[in-house]
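Inside the fold
Here is how the chains run, residue by residue.
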Amino acid sequence: MTSPGNKQRRTRLLAVTACPTGIAHTYMAAEKLAQAAEALGVEMKVETQGSIGAENVLSDNDVRNADGIIVAADKDVDLSRFTGKRVLKVGVAEGIRHPERLIERVGSAPVHGGSTPAAAGSSRTRVGADGGHGDSGGKERSAAYKALMNGVSYMIPFVVVGGLLIAVSLALGGHATPEGYAIPEGSFWESVFKIGEIGFRLMVPILSGYIAYAIADRPALVPGMIGGWIANTGALYGSEAGAGFIGAIVTGFLAGYLVLWIKKVKVPRFAQPIMPIIVIPIVATSALGLFFIYVIGKPIAWVFEHLTGWLSGMTGTSAILLGAVLGLMIAFDMGGPVNKTAFLFGAGLIASGNQTVMGMCAAAIPVMPLGQGLATLIRRRLYSEQERETGMAALFMGFFGISEGAIPFAAARPAQVIPANMLGGAVAGALAGLAGVEDAVPHGGPIVAVLGATGGVPMFFLAIAAGTVVTALTTNALIGVKERGAEARGGGNVRVPAQVGAQAGARGTEGAAGAVPTLAGTTAGGTRTGGTSAEGDPKRGARTVGAPEAAGADVEGPGACSGTGTDTTDAADPGSESGSGAGAGPGGEVLSGHLTARTVKVGLDATDKDAAIREMAAMLATTGRVTDVEGLVRAAHAREDQGTTGLGEEIAVPHAKTDAVTAPVVGFARSPEGVEWGSPDGTKARLIFMIAVPEAAAGDEHLRILSLLSRKLADAEFRERLLAAPDEPAVLRVLTEIA
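About the thresholds
- Residues numbered from 1 in each chain as written.
- Predicted model: local features only at pLDDT ≥ 70, side-chain atom pairs only at ≥ 80, totals over all residues.
- Heavy atoms only, no water.
- Patch = residues over 30% accessible without salt bridge, like charges linked within 9 Å, V, L, I, M, F, W, Y side chains within 5 Å.
- Areas by Shrake-Rupley, 256 points an atom, 1.4 Å probe, with all protein chains shown as cover.
- Salt bridge = Lys/Arg side-chain N within 4 Å of Asp/Glu carboxyl O.
- Helix = DSSP H or I, 4+ residues; strand = E, 2+ residues; numbered from the N terminus.
- Buried < 20%, exposed > 50% of the residue type's maximum accessible area, 1.4 Å probe, protein only.
- Axes fitted to C-alpha atoms, helices over the stretch in contact; angles between N-to-C directions.
- Left-handed = near helix turned anticlockwise from the far one by under 90°.
- Contact = heavy atoms within 4.5 Å.
- Phe/Tyr/Trp six-rings, centres within 6.5 Å; stacked < 30°, edge-to-face > 60°.

A closer look at a nonpolar patch on the surface
On the surface, a nonpolar cluster with roughly 550 Å² of combined accessible area is contributed by Val250, Leu254, Leu290, Phe291, Tyr294 and Val295. Broken down by secondary-structure element, the contributors of at least two residues to the nonpolar patch are α8 (244-263) and α9 (275-312). At four residues, the largest contribution of residues to the nonpolar patch is made by α9. Classification of Tyr294 by relative accessible area gives exposed; the value is 57%.

Description of the packing of helix α12 (residues 356-364) against helix α16 (residues 414-435)
The geometry of α12 relative to α16 is characterised by a closest axis approach of 8 Å and an angle of 145° between their N-to-C directions. The two elements α12 and α16 cross, and the hand of that crossing is right-handed. Residues Gly359, Met360, Ala363 and Ala364 of α12 form the contact with α16, whose own contacting residues are Gly425, Ala428, Gly429, Ala432 and Gly433.

Points about the packing of aromatic side chains
One pass over the full model with this rule turns up nine aromatic pairs. Aromatic side chains Phe399 and Phe400 sit 5.1 Å apart centroid to centroid with 85° between the ring planes, which places their arrangement in the edge-to-face category. By relative accessible area, which is 32% here, Phe399 ends up partly exposed. For Phe400, a relative accessible area of 5% puts it in the buried group. Cluster of aromatic residues (ring-pair linked, three or more members): Tyr154, Tyr210 and Tyr213.

Here's the deal with the side chain of Glu404
In this fold, Glu404 is placed in the loop between α14 (385-399) and α15 (407-412). With a relative accessible area of 17%, Glu404 lands in the buried category. With residues near it in sequence (within four places) discarded, Glu404 still touches Val159, Phe200, Met203, Met334 and Gly335.

Topic: the pattern of salt bridges
Overall, the coordinates contain 14 salt bridges when judged by the stated rule. In this structure, Glu717 engages Arg721 in a salt bridge whose closest nitrogen and oxygen atoms are separated by 3.3 Å. Pair noted here: Glu717 and Arg721 are both in helix α25 (residues 716-724), with a separation of four residues, about one helical turn. Sharing partners across several salt bridges, the network here consists of Lys601, Asp605 and Glu615.

Here is the structure:
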């Protein structure tokens, strides 16, 4: 392949790979792109933005001479340095699955920062935040999703701290009164309650502010936070209730994109330094605040007023229907105008002697946090460690009738969680209405029954339990449907070819040691190919131990992929790639003694990922280096929640950094049938390495182990011998080659 403007010069491409965790997929994508470039006759340099920082950094000269740039990333990458160049932006998985396709497509990619004469024909095509254009398939998380999750992650501590403080103060210092569940004025617990209230008041502007921050950086933080505060303060726009977390999401995105738009305005050079700290925040905050008060706020106040009138007209109808409607409203926005309308409607009827309407509301109020907490317990693998911890807090808050405990879940997955909440709330409200449950205080949750404020206690608890179960099951079902749909769209069953460019007569794996200059990815770690690196620097070419033609080298490791020459001392002799290793035997050291005969198993019993992790953790515990097996399992699951460690080519490398181990330990297990691990190429994992290191060794040693594994597992013949080894001693002899 040659540059369009010069038939004698090879095409020069650059690439940047990055994933949120910065270990596995970052280096896998770099390796695949480099190998594909070599097979296609393209000169390529790849910058990896991994957990130890950026490696093989692209210089200004690299960018100046490049014909195009591929950005395969699931996290934000600064594109400003690529202005005027063709940039193809996709998810990191695309770099692993379809590297050849990306190299072919980058020539028609849009020019970043505007069109140039050379790109006149393609300037109409925009690389969007959804990860590409045309038929790229998207594959990376959209910018909107990343911004939303950024806001949710910062909001969660405020929800948990505020909710738990309120719950504790109500439990230990509160009592039921006709005006609601109250804490005596001037008491110690009132002070605790007020501190918790501050946390709750802050959570909405925090959500809004950090959504905006993710979109437009620091200048958007202030308008986002103030906009969120305004959205949650209904008195500013004539509403009895604020817009809650839904309003915060709206203001967050409005603030972020408003600031982005203002940034594009050309200003004199003398004014540029004050734009991000004075001009942009003031203009954006004023514009957004006034827009919400006078434009968005009025409809919210109108909705509040008319919903109250509509509910008043329903009081003489079926109790089941009224209960279902109130449950739907209570569950919809959890503290927003719809929720508050239903709550205040029920509370207002208590004084007139009608306590059944409040009974319907009281049954629906705890369903959302209880249901979401239960959902995290039923199917733990669907949730991150942080979400599971938030789920436990939500269960506690739900008992005390604090519906806001479910807000982090609804904000993160609104399309799945809000419908599930509403269905569960409707079930609880309808059952309470059917049974004529009464509530004498304007509060909800099991706590009001415990304190004797409700009538029809058994049916009250039954209604809550039914709504909770419905919410949990529906939430998990909808999340499962979404995951299966994403896998289908992402081509989860497409197997990655074992060799790039095989149809063009790419070289095989035999004779790898003796044919280094001709192998795909034969430069430093496979991240720079062609040009002077591959042709004029034999030292760099000789460094690719275990990087044969196979494009399936799906194992990470900074030394293997970065192209910076890092960890060159760990490279084994190329001659060892095709043999079994001189003196290899069961007593030989593997990975500096971290992997021993005790941690090798040829027949893994587990048939799913969770069971496999648990079985391997128990195997590692036989070394005496594991002090807490459950802690190790939790740490491994937490890493899986950040992104699968299934690397493709039937390989998985689950790993954990935890003080549940006293020293680094590595285990290997072989699964006869394979375990579904969510690998990018859709293959089941048959070769599974588990790495556990204490926090103190989580840096260099962790990455060194991954680097050594990456070099060796890139060798297809090595993998075949691992699969064919008849027993543990034979497996260990093969594994000794890694040392």
